[in-house]
Amino acid sequence: GKLTQGNGDTYEGAFVMGKREGEGRMTYADGSTYQGAFKADMRHGQGSFAGADKTAYRGAWDQGRMEGQGQLTYPDGSVYQGGFKANLPDGAGKITFPGGASYDGQWAAGVMTGKGTLTHADGAAYVGAVVAGKPEGAGVMTYPDGYSYDGTWKAGLREGAGKATWADGTVYEG
C-alpha cells in the first residue's frame, strides 16, 4: 500500500492492521529516505537511512532507534562501523575521519571511552585506555620517527612515571 501524510512524508510498503509492518520505503518531506523493515509503525530490523544532510546509516534498528550493529556516515565524511545503542555508538566500533585519523575501540553513549587505538593522520598511534576521546590511564604512544612513550596519561597528556624509547635505542625511565 501507499500512505501520504499531511506533512508530505510518504510510505510505500506493507501494512498490518493499519500500521507499517514488514518491508517498506519511507520518503520524508525534507528528502531523507528509509528503506527496510518496519514493525508497529517504527523502523525495526535491518534498514538503510539516507538523510538530507548527507548522514547515512545502514544496519540494525530496534523500535525506531539505531540499535545493534551498523555503519553510520556523518555529513563531514567520517564513517563509524560498530555497535549502537539508543542511536549512539556504543560497545566496540571504529571511526575513520576524512583526514586519515581513526579510533578503533570501546564506545559509551557516543563517546570514545575504554580500551582502544587512536591513530593520528601523521601516523602516530596510541594504544591503551581512553576517556572522552583522549588518552587517560595506561597506554603507549608511538610516533612515526620511532620514538615511543609507555606510561600514564591524563586528559591526553603524559602524567607520572613512564618509559621513553628513542629510535636509536636510548631509553629513559622515570
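For the structure, check the block above.
No experiment lies behind these values; they were computed from the predicted model shown.

Procedures and definitions
- Residues numbered from 1 in each chain as written.
- Predicted model: local features only at pLDDT ≥ 70, side-chain atom pairs only at ≥ 80, totals over all residues.
- Heavy atoms only, no water.
- Helix = DSSP H or I, 4+ residues; strand = E, 2+ residues; numbered from the N terminus.
- Rg over C-alpha atoms; globule rule 2.2 N^0.38 Å.
- Buried < 20%, exposed > 50% of the residue type's maximum accessible area, 1.4 Å probe, protein only.
- Contact = heavy atoms within 4.5 Å.
- Areas by Shrake-Rupley, 256 points an atom, 1.4 Å probe, with all protein chains shown as cover.
- Salt bridge = Lys/Arg side-chain N within 4 Å of Asp/Glu carboxyl O.

Undergrad: A description of the overall build of the protein chain should follow, citing residues and the corresponding values.
TA: Of regular secondary structure, the protein chain possesses zero helices and 16 strands. Relative to its length of 174 residues, the protein chain is extended, with a C-alpha radius of gyration of 22 Å against a globular reference of 16 Å. Reported as C-alpha extents along the three principal axes, the dimensions of the protein chain are approximately 70 × 25 × 20 Å. By residue count, 32% of the 174 residues in the protein chain fall in the buried class. Counted over contacts in the protein chain with a minimum sequence separation of 6, partners at least 24 positions apart contribute 2%. By element, 55% of the accessible surface of the protein chain is carried by carbon and sulfur atoms, the whole surface being about 9300 Å².

Undergrad: Lay out the pattern of salt bridges in plain terms, naming residues and giving numbers.
TA: Under the criterion given, the structure shown has three salt bridges. Measuring nitrogen to oxygen at the nearest pair gives 3.9 Å for the salt bridge that ties Glu136 to Lys154. In this pair, Glu136 sits in strand β13 (residues 134-142) while Lys154 sits in strand β14 (residues 148-154), placing the two residues 18 residues apart along the sequence.

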